[in-house]
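For reference, the chains in residue letters:
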Amino acid sequence: MTCLVEIPTALRALCEGELQVQVPVGNVRSIVRALDERFPGFREQLGQSFAVAIDGELIHDPWLEPVPAGTELHFLPVIAGGQETQVSVNAAYAAPEDVEAAVALLAEAGSQGRVLAGGTDLIVQMRTGQCSPQLLVDVKRIPALGVCELGTEVLRLGAALSSAVLREQPEVRRVFPGLVEAAELIGSEQVQGRASLGGNLCNGSPAADTVPALIVADATCIVAGPTGMREVPVAAFCTGPGETVLGTGELLVELRVPRPPARTSDAYLRFTPRSEMDIAVAGAAARLELGDDGRCRGARVAIGAVAPTALLVPEAAEALVGSDLGEDALEAAAAAVRAASRPIDDVRAPAAFRTHLVGVLSKRVVRIAASRAAGEPG
Amino acid sequence: MGEEDGERKFRFVGTRPIRHDGVDKVTGRAQFGADYSLPGMLWGRVLRSPHAHARIVRIDTRAAMAIPGVKAAATSADLPEIEPGPGPANLAHLSRNVLAREKVLYHGHAVAAIAATSEAVAERALLAIEVEYEPLPVVLDLDDAMAPGAAILHEDLKTRGGKDAGPTNVAAITEYDRGDVDAGLAEADVTVRRSYRTQTVHQGYIEPHAALAQTGVDGQSVLWCCTQGAFTVRAYCAALLGLDVSQLKVIPTEIGGGFGGKTTVYQEPLAILLARKAGRPVKMVMNREEVFRATGPGAATHTEIELGARQDGTITAARVRMCFEAGGFPGSPAGAAAMTVLAPYEIPNYAIESLDVVCNKPRTAAYRGPGAPQAAFAIESALDELAEKLSIDPIDLRLRCAAKQGTRTPYGPTFKRIGLIETLEAARDSSHYKAPLGPDQGRGIAVGFWFNAGLNSSAEVHLNEDGTAIVATGNPDLSGSRASLAIMAAEELGIEVHRVRPVVADTDSVGFTDLSGGSRVTFATGQAVIDACRQVVRELRQRAAKIWDCDPDQVDFVDGRCVPAKGSGLSEEPLALAEVARQAGRTGGPINGQAQLTARGAGPSFATHLCDVEVDPETGRIEVLRYTAVQDAGRAIHPGYVEGQMQGGAAQGMGWALNEELVFDTQGVLQNPGFLDYRMPVASDLPMIETVVVEVPNPNHPYGVRGVGETPIVPPLAAVANAVRRAAGVCITRLPISPPRLLAALHDESGGDS
């Protein structure tokens, strides 16, 4: 009398690559003991808190749950503090500790695999049935994805770095105030502890707050894949709503942001009807470099939530560079931004309103970035 | 009842003890609807209509039942047919809302239900249910519903109070009038004529509906659910399922918000039905999307108002016509709106008409002061415009026609002692009203009224052997009622508030009690608690007389002690309540009190709200800078929770004014079924709401209590709109005043463009 145990992906290596194992029936306790005897370390790897599904029926705190003959048993992670959730019971979970292992898992799972960082988008999508991956690859245990290093040339941000950690870096905030304020706008205090910069980018939302800020900072994405590493500018990373350049098995590892020149600073502004817990109706980021004469020497302007992806608007920068950042230059930049935007009408806002707003925001954000740049000692 | 205790010195009434359920709630130990589970439990899920209006040709659940793990299926064929009939709670309509029978009437309307071993299996089974629909034209809103040749939702519907025999989508017309409106308008020096619209809103309670049912082979059932009224749920479920009331016990769980939305049933009868069919317990928990698509909402409205006044501010006439969207079944609060709209004012000539109109949206449910906020938005906006035209301070204008003791209400009775004038004066005299305003800023004021309810309540007071007490009532605690009931018991018994344990009892454990709604709990159930405590006190005096071997008349009860009455000649040492309780066994047995009543004489509560806003003319965004709520509470038993009600109502009303709106597409499909896009305000959107509690005691309550829960949501819609009008210089006739809408209004006004 046996039951069939599905081995979770994360434990497959330990279980000599087995996908399924027949185990004598009993209860969950006896089954875990049997597996631990056969595959020493199984119980430790499984950890203290897990749930099981017996023939698809989800059971929390299942230690003494009887497992009848002929049934199929899945081990599941406990998500959201052990509350019952509607997360697909078929999703296996793996938490590799290096990039290579993560890439291998993702490559094997193909379109059935999804990267889990903070999960603030993914878990919601799974709950509402927008996606039902077979494998979740949790990348938070990979050290490379948690780095936050400001060097003399470049700022390195691991893709799984949370907003909450980023905002605790005073030096990063001093050099990239716009980037940090964009990350701080995401969700709530609680969400910030989970939400990652890489996730914000990979989710592919046109309204993602950090993306325009990363674009004006001229950030580069470091992507690992089955054939090695490659670099993609942030401005080219997203290709449409929910779509990115990532191919099968590819993983965003890090964002590299060059240190800006002297007398340069950035800012991000978004418009939401609510003050927080909302999604941008329009967003604008600017990075301004001032010359010794106080005129604009360099500029980058990017906009969000007004096109299928966040956009860099070189025409807006052209309107600013060389100017004294007076009303005419700002209005010209705003006009360029409005011309570049291609928003949709939806429940969040009418298209015409978004177009109008992004112009207003771009003027305001340029003023903020300029005053920051002026206040910045060379 | 009816005794006046106006001069009484209170020991506990008016203090602010921490609520008895507070620690459980802030530490997460409190058990809400979805927290209950039973061994062997199944999960129930509901199949919902993909059409907003369609005839159901056929439902076949056989394929779903064949899926392993599926244990029961239910359709309207499993419910007894209930013939449509009159009455406020039309059970035929309720039954058809719980499970659609002949037709589906809105997108998301429940069509069938499944119980299975897991939610995932149940979800899969829903997909296997075959339903054949014959789609019908969608009646989107009021204009559609009343257009000539409109599709008809209910072929048998006749207009109650109307002359037209139908077919029609107008379910009821309510009318009140007095004097000669045309003559009154002709007398006026200044008139205002406007048309106002509000959109469909949701009560927005955080806790989704949840129910767990268990049924024995003997037909006895137990239901755990989050509800505002366990007895109401028991009555509806018994009627819809054809059960005896005694076969069903309803255990109310803690409730995470209701605001009127949890005064009816949705999946509760289905959980019982599925549990009976499957022979196992069934748990049903709605997800947020279902809550938005199929519960609530508050009605969208269209109101036309004409007001006339003489130069001195005397209002000569008012004409009001209000149309309320009822959703798929009749029963919007159009009638209540007609009663409340002019209630705060003395106007010699008026004509009020309101229409209850069905359309293909979710069936509306009660929402805090049902109908009054929409009505107040219209009348208070028009009054404000009138004040401006007359160059009269808006509070002064209202004071000139404010209702007072003896004013006859439009709906009939004359007011007894009420506190409207006191709230207006307190608002006028507040520091807020005198504070200066900056550029792009404006200040709005508005008045609100709600009747408040009495209804039926029971209470049991058990004196424990150590002198502590249990107070058991049948009202789920929405907002601190445990604390207020315990305070009243402490006051009567003369023991500390935390020596009283207030209990929300199930339907088997306390006498019938109407639901927690109508701002009635502290007023009505409070009276039952006071009565029951007074029985206990009578008994305590008798027991003391036995101990002292004297006549009960020789014993007084003062501050929790039995003492010799003045002039009794006794010289005994006082006997503390705890001492008498300890000796109960040798003096006649346990000491309990029990009372039941139909509370009458609920005192109406009036409020005046002040709101300051700043408008961003480039984006249309509105920032609420300062807000003050002034309200007559009669007597604030626990002032902290009275203030909490005032703040909560003001916050909800501001959300209604600023951004809240259920958006339906042309096929009647809700576009924003979640809190992300149904934009209720978050804490950082609002300033700290200042409160001024006015106490004009209600003569019909021993302590002077008036209900306070609903009135606070009545004024904010107009208070915000009036503030925006004065800040931006554009007339606000449509809610919500969302940024795109305000920006468009600003551009229309200036003739400019973006």
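Residues numbered from 1 in each chain as written. Chains lettered and ligands numbered in written order. Predicted model: local features only at pLDDT ≥ 70, side-chain atom pairs only at ≥ 80, totals over all residues.

S.K.: Even after reading the chapter, I still don't get the overall build of chain B, so can you show me in this structure?
M.R.: Within chain B one finds 21 helices and 26 strands. Its C-alpha atoms give chain B a radius of gyration of 27 Å, near enough to 27 Å, the size a compact globule of 754 residues would have. Principal-axis analysis of the C-alpha atoms gives chain B an extent of 90 × 75 × 50 Å. Across the 754 residues of chain B, 57% fall into the buried class. Sequence-distant contacts in chain B: of pairs separated by 6 or more residues, those separated by 24 or more amount to 79%. (Helix = DSSP H or I, 4+ residues; strand = E, 2+ residues; numbered from the N terminus. Rg over C-alpha atoms; globule rule 2.2 N^0.38 Å. Buried ≥ 20, exposed ≤ 12 C-beta atoms within 10 Å, placed from the backbone. Contact = placed C-beta atoms within 7 Å.)

S.K.: Before we go on, may I ask you to explain the overall build of chain A in this structure?
M.R.: When helices and strands are tallied, chain A shows 14 helices and 21 strands. Counting only C-alpha atoms, chain A reaches 85 × 45 × 35 Å along its principal axes. Each of the 378 residues in chain A was classed as buried or not, and the buried ones make up 48%. Long-range pairs, those at least 24 residues apart, make up 63% of the contacts in chain A with a sequence separation of at least 6.

S.K.: Teacher, can you tell me more about the environment of A:D324 here?
M.R.: Looking at the element boundaries, A:D324 is found in the loop between α12 (314-320) and α13 (327-340). Expressed as a C-alpha distance, the spacing of A:D324 and A:R297, which sit 27 residues apart in the sequence, is 9.6 Å.

S.K.: I tried to follow the pairing of strand β21 (residues 561-564) of chain B on my own but got confused; where do I start?
M.R.: In the case of a regular strand, side chains alternate between the two sheet surfaces. Residue and element names in this part refer to chain B. With four bridges connecting them, strand β20 (residues 555-558) and β21 associate as antiparallel partners. Residue pairing for β21: F557 is matched across the bridge by C562. From the end of β20 to the start of β21, which pair antiparallel, there are two residues, and D559 there has a positive phi angle of about 50 degrees. One ladder, built from two bridges, connects β21 with strand β22 (residues 575-576); its direction is antiparallel. Within β22, the residue paired with R561 across the bridge is A576. (Pairing = 2+ DSSP bridges.)

S.K.: So what exactly am I meant to see when it comes to the interface of chain B and chain A here?
M.R.: One frequently used descriptor of interface size is the decrease in accessible area upon assembly of the parts. Contact residues are listed per partner, giving 24 residues for chain B and 21 residues for chain A. Residue assignment for the side of chain B that touches chain A shows that the elements contributing at least two residues are α4 (119-128) and α21 (739-750) of chain B. Among the residues forming the side of chain B that touches chain A, the class breakdown is nine nonpolar, 10 polar and five charged. (Nonpolar A, V, L, I, M, F, W, Y, C, P; charged D, E, K, R; others polar.)

S.K.: How should the sheet that holds strand β10 (residues 221-225) of chain B be read in this particular structure?
M.R.: The strands making up a sheet associate through hydrogen bonds between their backbones, and the pairing can be parallel or antiparallel. Residue and element names in this part refer to chain B. If you walk across this open sheet you meet the seven strands as β3-β5-β1-β12-β9-β10-β11, and the pairing is mixed. Pairing within the sheet leaves two strands with one partner each, and these edge strands are β3 (70-74) and β11 (248-252). Geometrically, the sheet is characterised by an average inter-axis angle of 20 degrees between neighbouring strands, direction not taken into account. Against the sheet, helix α7 (residues 230-241) touches β10 and β11, its axis set at about 145 degrees to β11. Packing of helix α8 (residues 268-278) onto the sheet brings it into contact with β1 (42-48), β3, β5 (110-116), β9 (210-215), β10 and β12 (282-285), and relative to β9 it is tilted by some 35 degrees. (Axes fitted to C-alpha atoms, helices over the stretch in contact; angles between N-to-C directions.)

S.K.: Sorry, what's going on with the pairing of β5(B) here?
M.R.: Residue and element names in this part refer to chain B. Across the seven residues that make up β5, a large majority, seven, are buried. Sheet topology places β3 next to β5; four bridges connect them, and they run antiparallel. Opposite A73, over in β5, you have I114 as the bridge partner.

S.K.: Teacher, can you tell me more about helix α13 (residues 420-428) of chain B here?
M.R.: What sets the pattern is the α-helix's 3.6 residues per turn: residues three or four places apart point alike. Residue and element names in this part refer to chain B. When we look at burial in α13, the residues that qualify are L420, T423, L424 and A427. Seen along its axis, α13 keeps its buried residues to an arc of 100 degrees; they face one direction. At its buried positions, α13 is contacted by α12 (394-401), α14 (431-434), β16 (441-450), β24 (605-615), β25 (622-632) and β26 (689-694). (Arc of directions from axis to C-beta.)

S.K.: I would appreciate a short explanation of the confidence of the model for chain B in the present structure.
M.R.: The predicted coordinates of low-pLDDT regions are not to be read in fine detail. Residue and element names in this part refer to chain B. On average, residues of chain B carry a pLDDT of 95, and 98% of them reach 70 or more. Here residues 1-6 is a poorly scored stretch, pLDDT under 50, and it has 10 contacts once near neighbours within four places are set aside; other chains count. Both scores are available for the predicted complex, with the pTM at 0.90 and the ipTM at 0.90. (pLDDT = per-residue confidence, 0-100.)

S.K.: I would appreciate a short explanation of the nonpolar core in the present structure.
M.R.: What tends to happen in soluble globular proteins is that the nonpolar side chains get buried as a cluster. Among the nonpolar cores identified, the biggest contains 340 residues, and B:L223, B:A489 and B:V724 are the most heavily contacted of them. Considering every element that reaches this core, the biggest residue donor is helix α16 (residues 521-548) of chain B, with 12 residues. (Core = buried A, V, L, I, M, F, W, Y, C linked by C-beta atoms within 7 Å.)

S.K.: Quick question: what am I supposed to make of the packing of α12(B) against α13(B) here?
M.R.: Two measures define how a pair of helices packs: the angle their axes make with one another and the distance between the axes. Residues and elements named next belong to chain B. Where α12 contacts α13, the two axes come as close as 10 Å, and the packing angle between them is 160 degrees. If you check the angle between α12 and α13, you find them roughly antiparallel. Taken as a pair, α12 and α13 cross one another with a handedness that is left-handed. Mapping the contact onto sequence places I395, R398 and L399 in α12 and I421, L424, A427 and R428 in α13. Residues that form the contact of α12 with α13 fall into these classes: five nonpolar, no polar and two charged. (Parallel < 35°, antiparallel > 145°, perpendicular 65-115°, else oblique. Left-handed = near helix turned anticlockwise from the far one by under 90°.)

S.K.: Could you clarify how one ought to interpret the domain arrangement of chain B in this entry?
M.R.: All names here are of chain B. Segmentation of chain B into domains returns domain 1 (22-30 + 454-599) and domain 2 (371-452 + 603-750). For domain 1 and domain 2, the distance between their C-alpha centroids amounts to 38 Å. Each partner contributes residues to the interface: domain 1 has 14 residues there, and domain 2 has 15 residues. When contributions to the side of domain 1 that touches domain 2 are tallied by element, the ones reaching two or more residues are α15 (481-493) and α16. Top element by residues in the side of domain 1 that touches domain 2 is α16. It accounts for five residues. For the side of domain 1 that touches domain 2, the class distribution of residues is five nonpolar, eight polar and one charged. (Domains from an automatic or database assignment.)

S.K.: In this structure, what is going on with the sheet that holds strand β18 (residues 264-271) of chain A? I would like to understand it.
M.R.: All names here are of chain A. Reading across the sheet, the four strands line up as β18-β19-β20-β21 and stay open at both edges, with antiparallel pairing between neighbours. One side of each edge strand has no neighbouring strand; the edge strands of this open sheet are β18 and β21 (311-312). Packing of helix α14 (residues 351-375) onto the sheet brings it into contact with β18, β19 (282-290) and β20 (296-304), and relative to β19 it is tilted by some 30 degrees.

S.K.: Help me understand unusual backbone geometry, please; the structure alone is not making it clear to me.
M.R.: Working note: non-glycine residues mostly have negative phi, and peptide bonds are mostly trans. With an omega of -25 degrees, the peptide bond running from B:G296 to B:P297 counts as cis. By secondary structure assignment, the location of B:P297 is in the loop between α9 (288-294) and β13 (301-309). At the junction of B:L735 and B:P736, the peptide bond is cis and its omega measures out at -10 degrees in the coordinates. Here B:P736 shows up in the loop between α20 (716-728) and α21. Phi at A:R263 takes a positive value of approximately 50 degrees, unusual for a residue other than glycine. Positionally, A:R263 belongs in the loop between β17 (251-258) and β18. The backbone phi angle of A:L325 is positive, close to 60 degrees, even though this residue is not glycine. Locating A:L325 in the fold gives a position in the loop between α12 and α13.

S.K.: Can you help me understand the confidence of the model for chain A in this one?
M.R.: Taken residue by residue, chain A gives an average pLDDT of 91. The fraction at 70 or more is 93%. Between residues 79-89 of chain A, whose pLDDT stays under 50, and residues either more than four places distant or in other chains, the model counts 22 contacts.

S.K.: What is the right way to read helix α3 (residues 91-98) of chain B from this model?
M.R.: Residues and elements named next belong to chain B. Of all eight residues in α3, six are buried; the element is thus mostly enclosed. Within α3 the residues assigned to the buried category are H93, L94, S95, R96, N97 and V98. At its buried positions, α3 is contacted by β5, α7 and α8.

S.K.: Looking at this model, I keep getting lost on the packing of α13(A) against α14(A). Mind explaining?
M.R.: Residue and element names in this part refer to chain A. Following both chains from N to C, one finds α13 and α14 inclined at 140 degrees, their axes separated by 8 Å at the closest point. Put simply, α13 runs oblique to α14. Our pair here, α13 against α14, has a crossing hand that is right-handed. In this structure, α13 uses L330, A333, A334, V337 and R338 to contact α14, whose residues at the interface are T355, V358, G359, S362, K363 and V366. Class assignment of the residues belonging to the contact of α13 with α14 gives a composition of six nonpolar, three polar and two charged.

S.K.: How should the environment of A:R263 be read in this particular structure?
M.R.: In this structure A:R263 comes out as buried when scored by C-beta crowding, with 20 C-beta atoms within 10 Å. In this structure the C-alpha to C-alpha distance between A:R263 and A:G291, which are 28 residues apart in sequence, comes to 7.4 Å.

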